[in-house]
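Coordinate inspection notes
As a plain string of letters, each chain reads:
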Amino acid sequence: MAETSSSAEVSTKLQQVAELAQKAPEMVFTTLAHHMDVWFLYEAVRRTRTDGAPGVDGQSAAQYAQHLGTNLRLLLDRFKSGTYRAPSVRRVHIPKADGTTTRPIGVPTYEDKVLQRAVAMVLGAVYEQDFLDCSYGFRPGRSAHQALEALWRGLMDMGGGVVIEVDIRSFFDSLDHGHLRSILGQRVRDGVLRRAIDKWLSAGVLEDGALSYPESGTPQGGVVSPLLANIYLHEVLDRWFEQVVKPRMEGKSFLIRYADDFVMVFSSARDAQRVMEVLPKRFGTYGLTLHPEKTRMVDFRKPQPQQRTGGAGTFDLLGFTHHWGRTRKGRWVVKRKTAPKRFTRAVKTIAQWCRAHRHEPIAEQHRTLGRKLRGHCAYYGITGNAPALARFRHAIMRVWHGWLNRRSQRKAMSWERLQQFLQRYPFPPAVVVHSIFRHAASP
């Protein structure tokens, strides 16, 4: 009951902040930290994942929880008195979608995650009232699938258009600290919160035993980083597009953004060309660089009724390739399929897992691969993507078949025998989880 009441109390505080921010969009908040007490930190603990890797101190969530009350009281005292020191962030690298490069991920300590979560809760209550509908990434109640749905409906309503597909080069590493501080100052000037954010921006990065202090960027993996990124791009992109770009356009246009992935759509090719020319300067003003090869204009206008096939124009967003295709009744519609690079990466990941776990019991391998297939379908299972899901399911079976044959020196299992084997260990079907037809049929 105490935990429930404390969560309700925290929610009430955040709602009060949100209502004030909504009523006064020009207001600058100078006092926000007073909302944060020990119960606020308890709620931050509840919202923080406990299964993450430990940071530089090696302390797990379970170890921190052994003296949770004492730890949180000490943390709150250091935070409000200004004596909190942001620990260095342990950096690791994970492969990108292209399979040839890696993405740096920061791993903060568990205590640092809790404090970042608490600060993000307060800041989020303010900025959620400012963020625009075009932004979907890392926001409560919003998802990648909602961004894809909004993009699909916008394209269908406009009959397609000219799409600007944008790639910001190393966004999380290039985010300029000076510009971020200036942007934050337009809305939040609470000294306690701003001091903590400055410490996180200045915290060292530990990589391969070497400690460095980057002058720009915010480490991916930090709990507060996605919110800071949204605040930055809200000013650099979203507000600029809505207030400066759209009023100057000849035709219709819209923007869909998920974190630092976004596309712009224009009904007029001339409008798209004008924006394409000013984009590098706009982002350069804020210390950001657009990738010259991955930022491009795509003619994505709806094919004419007499055309037998769609045009060559396609673009990628959020792991899907968007293209024009015909329905069974012959109408042109925007379709989505798993992007080739994402498909290849997913299959490679399955192969690596099978290799590392090939000596585990067959039943356990089967259960885990089934979960991986369901997880894949949970994201990529959208209307029109059933063929790619079926190919992925078939690829899993082939990969598993190959590694089962390497378990011993016995005669290789034939494909026919594998089919009999799969009758005992059947894979779940490749299901379109996010079906517009299923939603339409729901009451």
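Description of the structure in this document. (Residues numbered from 1 in each chain as written. Predicted model: local features only at pLDDT ≥ 70, side-chain atom pairs only at ≥ 80, totals over all residues. Heavy atoms only, no water.)

1. Description of the packing of aromatic side chains
Scanning the entire structure with this criterion turns up 16 aromatic pairs. Here the aromatic residues Phe171, Phe172, Tyr232 and Tyr286 are joined through ring pairs into a cluster of three or more. Lying across the ring of Tyr136, Arg142 places its NZ or CZ 4.6 Å from the centre. Above the ring of Phe343, the side-chain terminus of Arg391 is found at 5.6 Å from the ring centroid. (Phe/Tyr/Trp six-rings, centres within 6.5 Å; stacked < 30°, edge-to-face > 60°. Lys NZ or Arg CZ within 6 Å of the ring centre and 35° of its normal.)

2. A closer look at the packing of helix H2 (residues 38-46) against helix H5 (residues 110-127)
Relative to each other, H2 and H5 sit at 110°, their axes nearing to 8 Å. In terms of orientation, H2 and H5 fall into the roughly perpendicular class. In contact with Phe40, Leu41, Glu43, Ala44 and Val45 of H2, H5 contributes Tyr110, Val114, Arg117, Ala118, Met121 and Val122. Of the residues in the contact of H2 with H5, the class split is 9 nonpolar, no polar and 2 charged. (Axes fitted to C-alpha atoms, helices over the stretch in contact; angles between N-to-C directions. Helix = DSSP H or I, 4+ residues; strand = E, 2+ residues; numbered from the N terminus. Parallel < 35°, antiparallel > 145°, perpendicular 65-115°, else oblique. Contact = heavy atoms within 4.5 Å. Nonpolar A, V, L, I, M, F, W, Y, C, P; charged D, E, K, R; others polar.)

3. Looking at the sheet that holds strand E11 (residues 332-338)
Read across the open sheet, the 3 strands follow the order E9-E10-E11; overall the sheet is antiparallel. Each of the sheet's edge strands pairs with one partner strand only, and the pair in question is strand E9 (315-317) and E11. Averaged over all pairs of adjacent strands, the angle between strand axes in this sheet comes to 40°, irrespective of strand direction. Both E9 and strand E10 (residues 320-326) contribute to a ladder of 3 bridges, which runs antiparallel. What sits directly across from Leu317, in E10, is Phe320. (Pairing = 2+ DSSP bridges.)

These figures capture arrangement, not role.
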